[in-house]
Amino acid sequence: MKVLALILLASPVGFVAMIGFASAAENTIPPPPIDIDQVPFVFDIAVDPTEANSILLATQEGLYRAREDGIAKRISRKKNPFWNITIEPKGLNRLYARGLADDVGAAGIVVSGDRGRTWREITPSGEKNAYLRLIEASKATSGSFYGAGHEFWKSSDGGINWESMGIPPSRVIDLAT
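Let me sum up the structure you'll find in this document.

Thresholds, definitions, all that
- Residues numbered from 1 in each chain as written.
- Predicted model: local features only at pLDDT ≥ 70, side-chain atom pairs only at ≥ 80, totals over all residues.
- Heavy atoms only, no water.
- Pairing = 2+ DSSP bridges.
- Helix = DSSP H or I, 4+ residues; strand = E, 2+ residues; numbered from the N terminus.
- Axes fitted to C-alpha atoms, helices over the stretch in contact; angles between N-to-C directions.
- Salt bridge = Lys/Arg side-chain N within 4 Å of Asp/Glu carboxyl O.
- Polar contact = N/O pair within 3.5 Å; in protein donor to acceptor, adjacent residues only side chain to side chain.
- Phe/Tyr/Trp six-rings, centres within 6.5 Å; stacked < 30°, edge-to-face > 60°.
- Buried < 20%, exposed > 50% of the residue type's maximum accessible area, 1.4 Å probe, protein only.
- Core = buried A, V, L, I, M, F, W, Y, C linked by side-chain atoms within 4.5 Å.
- Contact = heavy atoms within 4.5 Å.

What follows concerns the sheet that holds strand E13 (residues 145-149). One key point about sheets: their strands pair by backbone hydrogen bonds, in either a parallel or an antiparallel sense. Spatial strand order, E12-E13-E14-E15: 4 strands in an open sheet with antiparallel pairing. Single-partner strands in this sheet number two, and they are strand E12 (132-137) and strand E15 (163-166). The average angle at which neighbouring strand axes cross in this sheet is 30 degrees, direction not considered. Note that strand E14 (residues 152-155) and E15 share 3 bridges and pair antiparallel.

Here you go:
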């Protein structure tokens, strides 16, 4: 979809107007920081061990970093929704989420190697993963993950393959490892 853009620039002789078309898909520059109460619907929160006094917010419009001063900034390049976020303890630059990859329209398990700016899908969003609503990195074993949805799931290879651990007794709200 093309969007008409009008940009006004101040110059010594007045304002200069520039008009052009831009693709909505190309508009991937994160917006300026906002007050935390303006952040779109938050699905999950993760403590970021690499940045003191900040948390990560998985939202319907991307991944945000919120600071203790009440300011939040979207750090994901695109406004893809993220429903769940986890940080691999032994690979602090790698974030994992249940959400949309930058180049894929279907939800699945996604990974970011650049602290949440860009994302790629690591598992297909097939029938098994379509119901994987939560994902949590193991604090004890690098590359191991647990997931929950209609069943409990475990992955020992970084989220590539998942094995069922059975059906939970009732609806699962969160996971902790």
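So that's the structure; there's more coming.
The subject of this paragraph is the pattern of salt bridges. One pass over the full model with this rule turns up 7 salt bridges. Lys 79 serves as the salt-bridge partner of Glu 61, at 3.7 Å between the closest nitrogen and oxygen. On the criterion of sequence distance, the pair formed by Glu 61 in the loop between strand E5 (54-59) and strand E6 (62-67) and Lys 79 in the loop between strand E7 (71-74) and strand E8 (82-87) is long-range, its members being 18 residues apart. Several salt bridges share partner residues, and in doing so they unite Asp 48, Glu 51, Arg 65 and Arg 115 into one network.

This paragraph deals with the environment of Trp 83. Relative to the helices and strands, Trp 83 resides in strand E8. Sequence separation between Trp 83 and Asp 44 is 39 residues, and the spatial gap between their C-alpha atoms is 6.4 Å.

What follows concerns the side chain of Ser 76. Note on placement: Ser 76 falls in the loop between E7 and E8. From its side chain, Ser 76 meets the backbone nitrogen of Leu 63 in a polar contact 3.0 Å long.

Another point: the sheet that holds E5. Spatially, the 5 strands line up as an open sheet ordered E3-E7-E6-E5-E4, and their pairing is antiparallel. Edge strands, defined here as strands with exactly one partner in the open sheet, are strand E3 (34-35) and strand E4 (42-47). Here E4 pairs with E5 via 5 bridges, running antiparallel. Opposite Val 42, over in E5, you have Thr 59 as the bridge partner.

Attention now moves to the packing of aromatic side chains. Within this structure, the stated rule accounts for 3 aromatic pairs. Between the aromatic rings of Phe 41 and Phe 43, the centroid separation amounts to 4.8 Å while the plane-to-plane angle is 70 degrees, which identifies the pairing as edge-to-face. Judged by relative accessible area, which is 35%, Phe 43 ranks as partly exposed. Ring geometry for Phe 82 against Trp 119: centres 4.6 Å apart, planes inclined by 45 degrees, an arrangement best described as tilted. Note that Phe 82 is positioned in strand E8 and Trp 119 in the loop between strand E10 (107-112) and strand E11 (120-121), a separation of 37 residues in sequence. One exposure class covers both Phe 82 and Trp 119, and it is buried.

Core analysis: the biggest nonpolar cluster contains 12 residues, these being Ala 46, Leu 56, Ala 58, Leu 63, Ile 75, Phe 82, Ile 85, Ile 87, Leu 95, Ala 97, Val 110 and Trp 119. Listed by contribution, the elements that provide at least two residues to this core are E5, E8 and strand E9 (95-100). With 3 residues, the top contributor of residues to this core is E8. In this view, Leu 56 contacts Asp 44, Ile 45, Ala 46, Asp 48, Leu 63, Tyr 64, Arg 65, Ile 75, Ile 87 and Leu 95; residues no more than four positions away in its chain are not counted. Core analysis: the next-biggest nonpolar cluster, separate from the first, contains 10 residues, Tyr 96, Ile 109, Phe 145 and Trp 162 among them.

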